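Letter by letter, the chains look like this.
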Amino acid sequence: MSANVKEKVQERDRRQEEGIDVAAWFKQHGESVAVIGSGALTLMAWLLSGQSQLSVGLFLLAYIIGGYAKMKEGIITLVKERDLDVNLLMLLAAIGAASIGYWLEGAVLIFIFAVSGVLENYTLAKSYREIASLMDMKPEMAVRLIDGQEHAVKIEELQVKDLVIVKPGERIPADGIVKDGVSFVDQAMITGESVPVEKATGEEVFAGTLNGQGSLIIEVTSSSESTLFSKIIRMVQEAQSEKPASQQFMERFESTYAKSVLGITVVLIMIPPFVFGWSWTEALYRAMVFLVVASPCALVASVMPVILSAISSSARKGVLFKGGAHLEILAEIKAIAVDKTGTLTLGRPQVTDIHAYQGYERNDILRIAGAIEMMSEHPISLALIEKAKEEGIELIRPNQMQSFPGRGVAAEYEGLNWKVGNADFVGSELFDEQTRERINELEKQGKTVIYLTNHEGLAGLFAIKDTIRLEAKETIAQLKNLGIAVVMLTGDREGTARAIADEAGIDEVYAEMLPADKVEKVKEMRQKYGQVAMLGDGVNDAPALATASVGIAMGITGSDVSLETADLVLVHDDLVRLPGAIRTSQKARRVIKQNIVFSLTVIFLLILSNFFQFLTLPLGVIGHEGSTILVILNGLRLLKS
Ligand code: ADP
Ligand code: MG
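Residues numbered from 1 in each chain as written. Chains lettered and ligands numbered in written order. Predicted model: local features only at pLDDT ≥ 70, side-chain atom pairs only at ≥ 80, totals over all residues. Heavy atoms only, no water.

### Some points on the sheet that holds strand E20 (residues 532-536)
Part 1 of the argument: Pairing is mixed in the open sheet, where 7 strands are placed in the order E10-E22-E21-E20-E11-E18-E19. Sheet topology places strand E10 (319-321) and strand E19 (508-510) at the edges, where each strand pairs with a single neighbour. Strand-to-strand twist across the sheet, computed as the mean angle between neighbouring axes with direction ignored, equals 20°.
Part 2 of the argument: Of the pairings in the sheet, the one linking strand E11 (residues 335-339) to strand E18 (residues 485-489) comprises 5 bridges and is parallel in character. (Pairing = 2+ DSSP bridges. Helix = DSSP H or I, 4+ residues; strand = E, 2+ residues; numbered from the N terminus. Axes fitted to C-alpha atoms, helices over the stretch in contact; angles between N-to-C directions.)

### With respect to the packing of helix H11 (residues 280-294) against helix H25 (residues 577-611)
Part 1 of the argument: It is the contact of H11 with H25, at a shortest axis distance of 9 Å, that shows an interaxial angle of 175°. Judged on the interaxial angle alone, H25 and H11 are roughly antiparallel. Contacts between H11 and H25 involve Arg 286, Val 289, Phe 290, Val 293 and Ala 294 from the former and Ile 603, Leu 606, Ile 607 and Asn 610 from the latter.
Part 2 of the argument: Here the residues of the contact of H11 with H25 are counted per class, giving 7 nonpolar, 1 polar and 1 charged. (Parallel < 35°, antiparallel > 145°, perpendicular 65-115°, else oblique. Contact = heavy atoms within 4.5 Å. Nonpolar A, V, L, I, M, F, W, Y, C, P; charged D, E, K, R; others polar.)

### Some details on the coordination of the magnesium ion (ligand 2)
Part 1 of the argument: Within the protein, the magnesium ion (ligand 2) binds to Asp 339 (OD), Thr 341 (O) and Asp 537 (OD); these donor distances fall in the range 2.2 to 2.3 Å.
Part 2 of the argument: Motif for the magnesium ion (ligand 2), donor spacing along one chain: D-x1-T-x195-D. Across the pair, Thr 341 and Asp 339 agree in class, each one buried. (Donors = N, O, S within 2.8 Å, 3.2 Å for Na, K, Ca; no water. Buried < 20%, exposed > 50% of the residue type's maximum accessible area, 1.4 Å probe, protein only.)

### Thoughts on unusual backbone geometry
Part 1 of the argument: Positive phi outside glycine occurs at Asp 147, with the angle close to 50°.
Part 2 of the argument: With respect to the helices, strands and loops of the structure, Asp 147 is situated in the loop between strand E1 (141-146) and strand E2 (149-154).
Part 3 of the argument: Of note, Lys 161 is a non-glycine position whose phi angle comes to about 85°, a positive value.

### Points about the site of ligand 1
Part 1 of the argument: Around ligand 1 there are 20 residues in total, and Asp 339, Glu 373, His 378, Thr 490 and Asn 540 lie nearest to it.
Part 2 of the argument: Note that an oxygen atom of ligand 1 is positioned 3.0 Å from one of the backbone N or O atoms of Gly 406.
Part 3 of the argument: Asp 492 places a side-chain nitrogen or oxygen 3.3 Å from an oxygen atom of ligand 1.
Part 4 of the argument: For ligand 1, the protein covers 98% of the area, taking 550 Å² as the surface of the free molecule.
Part 5 of the argument: With respect to the pocket detection grid, ligand 1 is positioned in the largest cavity.
Part 6 of the argument: Of all the elements in the fold, those that place two or more residues in the shell around ligand 1 are helix H15 (340-344), strand E15 (416-421) and strand E16 (448-454).
Part 7 of the argument: Taken together, the residues of the shell around ligand 1 sort by class into 3 nonpolar, 11 polar and 6 charged.
Part 8 of the argument: Residue contributions to the shell around ligand 1 reach at least three from each of two domains, namely domain 3 (319-345 + 468-573) and domain 4 (350-465). (Near = heavy atom within 4 Å. Polar contact = N/O pair within 3.5 Å; in protein donor to acceptor, adjacent residues only side chain to side chain. Areas by Shrake-Rupley, 256 points an atom, 1.4 Å probe, with all protein chains shown as cover. 1 Å grid on protein atoms, 1.4 Å probe; cavity = no way out; pocket = protein on both sides within 12 Å on 5 of 7 lines; lining within 4 Å. Sits in = over half its atoms within 2 Å of the grid points. Domains from an automatic or database assignment.)

### What about the layout of surface pockets?
Part 1 of the argument: Taken as a whole, the second largest pocket holds about 1400 Å³ of empty space.
Part 2 of the argument: Lining the second largest pocket we find 50 residues, and of these Val 143, Lys 167, Glu 170, Glu 377 and Leu 382 sit closest to its centre.
Part 3 of the argument: For the lining of the second largest pocket, the secondary structure elements donating two or more residues are E1, E2, strand E3 (163-166), helix H17 (379-390) and helix H24 (560-565).
Part 4 of the argument: In terms of residue count, the dominant contributor to the lining of the second largest pocket is H17 (5 residues). (Points joined across faces, edges and corners; volume = space filled by probe spheres on them.)

### Brief notes about the nonpolar core
Part 1 of the argument: Formed by 53 residues in total, the largest nonpolar core has its most connected members in Ile 336, Leu 344, Leu 535 and Ile 552.
Part 2 of the argument: Counting contributing residues, this core receives three or more from each of domain 1 (2-134 + 237-309 + 586-640) and domain 3 (319-345 + 468-573).
Part 3 of the argument: For Ile 552, the contacting residues outside a window of four places in its chain are Ile 336, Ala 533, Met 534, Leu 535, Gly 536, Leu 545, Ala 566, Leu 568, Leu 570 and Leu 578.
Part 4 of the argument: With 39 residues, the next largest nonpolar core counts Leu 58, Phe 59, Leu 615 and Val 621 among its residues. (Core = buried A, V, L, I, M, F, W, Y, C linked by side-chain atoms within 4.5 Å.)

### Notes on the side chain of Glu 373
Part 1 of the argument: Mapped onto the elements, Glu 373 comes out in helix H16 (residues 362-373).
Part 2 of the argument: It is Lys 167 that comes nearest to the buried, bridge-free Glu 373 among opposite-charge side chains, at 9.0 Å.
Part 3 of the argument: Those residues in contact with Glu 373 that sit more than four places away from it in its chain are Ile 380, Ser 381, Leu 384, Ile 385, Val 409 and Val 420. (Lys, Arg positive; Asp, Glu negative; His and termini not counted. Salt bridge = Lys/Arg side-chain N within 4 Å of Asp/Glu carboxyl O.)

### Structural notes on the sheet that holds strand E8 (residues 210-211)
Part 1 of the argument: Spatially, E6-E5-E8 is the arrangement adopted by the 3 strands of the open sheet, whose pairing is antiparallel. At either margin of the open sheet sits one strand with a lone partner, and together these are strand E6 (197-199) and E8.
Part 2 of the argument: In this structure, strand E5 (residues 183-186) lies alongside E8, joined through 2 bridges in antiparallel fashion. Counted as the bridge partner of Val 185 is Asn 211 from E8.

### Brief notes about the UniProt feature "transmembrane region" (unreviewed entry) in the protein
Part 1 of the argument: As annotated by UniProt and renumbered to match this structure, "transmembrane region" (unreviewed entry) occupies residues 43-65, 86-104, 260-281, 287-311 and 596-615.
Part 2 of the argument: Secondary structure across residues 260-281 comprises 77% helix and 0% strand; the distance between its end C-alpha atoms is 22 Å. (UniProt positions renumbered as here; feature names shortened; annotations may be inferred.)

### Examining the pairing of strand E13 (residues 401-404)
Part 1 of the argument: Here E13 shows a buried face lined by Met 401 and Ser 403 and an unburied face lined by Gln 402 and Phe 404.
Part 2 of the argument: Looking at chain direction, E13 and strand E14 (residues 408-413) are connected through 4 bridges and run antiparallel. Pairing of Phe 404 across the sheet is with Gly 408, part of E14.
Part 3 of the argument: What sits between the antiparallel neighbours E13 and E14 is a turn of 3 residues, in which Gly 406 has the positive phi angle 80°.

### Here's the deal with the pattern of salt bridges
Part 1 of the argument: Under the definition given, this model contains 24 salt bridges.
Part 2 of the argument: We note a salt bridge from Lys 259 to Asp 83, for which the minimum N-O separation is 3.3 Å. Of this pair, Lys 259 sits in helix H9 (residues 245-270) while Asp 83 sits in the loop between helix H4 (52-80) and helix H5 (86-99); the two residues are 176 residues apart in sequence, bridging distant segments of the chain.
Part 3 of the argument: The salt bridge partner of Glu 219 is Lys 161, with a shortest N-O separation of 4.0 Å. Linking Glu 219 in strand E9 (residues 216-222) with Lys 161 in the loop between E2 and E3, this pair joins segments that are 58 residues apart in sequence.
Part 4 of the argument: Under the relative-accessibility criterion, Lys 161 is labelled exposed at 62%.
Part 5 of the argument: In this structure, a network of salt bridges that share partners links the residues Glu 150, Lys 167 and Arg 397.

### Let's talk about the pairing of E18
Part 1 of the argument: Among the 5 residues of E18, 4 are classified as buried, and the element is accordingly described as predominantly covered.
Part 2 of the argument: In the sheet, E18 pairs with E19 via 3 bridges, with the strands oriented parallel. Its bridge partner being in E19, Met 488 is matched across the sheet by Val 509.
Part 3 of the argument: Each parallel crossover has a hand, and for E18 linked through helix H21 (residues 494-504) to E19 it is right-handed. (Right-handed = clockwise from strand over helix to strand, strands pointing away.)

### Regarding H5
Part 1 of the argument: Taking 1.5 Å per residue as the helical rise, H5 with its 14 residues ought to reach 20 Å, and the 20 Å between its terminal C-alpha atoms agrees with that figure.
Part 2 of the argument: Burial analysis of H5 places 11 of its 14 residues in the buried class, the great majority of the element.
Part 3 of the argument: Every buried residue belonging to H5 is among Val 86, Asn 87, Leu 88, Leu 89, Met 90, Leu 91, Ala 93, Ala 94, Gly 96, Ala 97 and Ala 98, and all of these are buried.
Part 4 of the argument: Positive backbone phi, at 95°, marks Gly 101, one or two positions downstream of H5. (Expected span 1.5 Å × (residues − 1).)

What follows is the structure, encoded as structure tokens:
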């Protein structure tokens with residue numbers, strides 16, 4: 001292990017021990033207490049306003065307790081980013097109000113501002129909780145080998161010295177040493193470089209890294225808690241870089257705007273006494289009212305509460321967004337590319353016909369094909385293995401295999417080189433006239449035909465029928481209703497693809513697509529439509545998922561690579577949730593627009609009435625803070641959507 005990798009692994013283990021920082025999410029509780037305290041102190045100070053010294057003391061306390069959290073945020077922005085934000089503006093306004101004797105207004109300002117902070121944190125914590133409970137429902141599994149038998153176990157149950165098999169495209173469930181097999185492993189999760197590293201017998205592999213095209217048998221060297229779950233939570237936590245475009249814009253805007261407000265406030269104090277002949281107290285008062293009403297609190301609170309509420313309500317329905325940015329893009333998609341096997345269909349296909357050639361028995365070809373497919377993760381391989389088991393055939397796994405996503409698998413078995421896969425992969429020149437007719441007939445019935453070949457040619461033929469998901473048709477209809485073009489991209493053959501597409505109600509079909517073809521098609525669609533989504537489950541879909549504006553993976557049938565690559569996961573494989581999520585995202589976008597227009601209007605009106613000297617400081621505080629709270633509550637509506 002190179003020094004670099006070693007360091008990174010140690011770093012990872014440290015982070016794992018620290019665990020997920022739950023405390024941070026719930027720090028809002030402390031803030032709630034502070035808000036209540038500051039409110040109570042303000043009330044007391046107001047009731048005691050006859051005894052001015054005591055009352056001022058209580059106000060001071062209310063300022064400190066209520067303003068502490070926001071002041072910290074404001075100072076952090078000032079020191080770390082050398083930037084001004086609304087937190088500091090509000091505190092300046094409160095201090096300014098107090099300086100001209102308006103203690104109560106300043107305290108109310110701080111109190112309501114702190115309430116808005118608590119509300120925002122509440123949405124944040126809620127969305128984390130929804131996501132966490134969502135992921136809890138999907139325990140991460142590994143395949144343990146005991147005397148050559150495969151057993152599915154939860155990752156947490158793995159123990160040192162256990163043997164596990166990792167199929168192509170799967171995440172490596174625990175740190176370990178390769179005992180058998182060769183494959184390239186993507187260690188980007190640890191090293192940050194996504195150049196696949198070759199792993200052969202005796203080499204170390206790490207939990208959470210992604211297996212490539214080969215199959216590996218691994219001896220566990222340390223048990224692991226690095227589940228996809230903890231990783232996704234961390235990702236959501238670190239989602240700073242994934243902020244939606246509107247929020248990024250808002251943050252850039254906030255700093256310039258805050259500086260201008262401060263600048264104008266200074267001008268307002270200095271100029272009017274000379275130009276309009278205002279008294280200094282009057283000028284200071286107007287300037288403070290301006291500082292309060294012009295602060296962009298409502299504007300700044302326009303986006304994130306909406307996004308977080310939408311993410312959390314989607315999570316409750318089984319749609320996991322990996323970041324706010326994807327929500328905003330999803331609202332704008334004009335077209336969606338959909339994979340067939342495992343996505344539109346259940347991905348639990350059944351073998352319906354078997355034909356043997358070269359003098360092989362039916363059971364022989366089932367035994368050979370089944371054994372080779374034991375090393376693959378494709379739905380078709382499961383069908384062949386199931387069938388063999390049903391017939392009481394014992395399967396012995398080959399030592400090595402190569403998977404060709406979207407085509408098939410190759411392996412050496414009992415001294416011969418075999419291929420199992422589609423016609424293109426094994427070579428369609430191997431079929432005679434009679435076989436061709438048979439194939440056509442089977443494909444017309446919507447069946448997928450798979451071939452077993454060796455150096456002598458065709459040895460076996462299997463027809464496999466997958467059932468379309470119950471809700472597929474409904475989903476496609478709803479997507480079309482939303483004005484979204486639906487296109488099917490499949491690695492399967494034209495005839496089979498058409499049969500399934502007709503059933504689902506899809507008109508545009510592209511068949512026999514290799515992973516790279518799917519990428520090309522998605523690129524083409526982006527040229528044509530703008531924002532394009534891709535929905536898929538397989539190892540072969542992962543590159544296209546990454547190419548699409550929004551990649552969507554299937555939580556249950558989905559391969560680990562697809563789950564990792566996608567921006568959105570349908571956790572329960574429930575397709576109908578997708579149009580629902582699109583509607584939620586569109587609603588979120590509308591609410592964000594409403595919020596922005598509303599807060600700008602309020603700011604404008606308040607500034608105007610202040611300029612004409614209509615506005616008192618208490619009214620300014622109520623108008624300004626009231627609009628902030630309204631905007632947040634408007635966002636929270638999406639929790640119920
Ligand atoms: P889809 O794009 O519809 O999800 P894939 O691209 O995964 O389908 O597979 C395309 C075709 O490649 C399958 O219909 C099958 O003929 C062949 N194929 C892929 N993987 C395997 C495998 N493990 N065993 C046999 N055939 C396979
Ligand atoms: Mg698929």
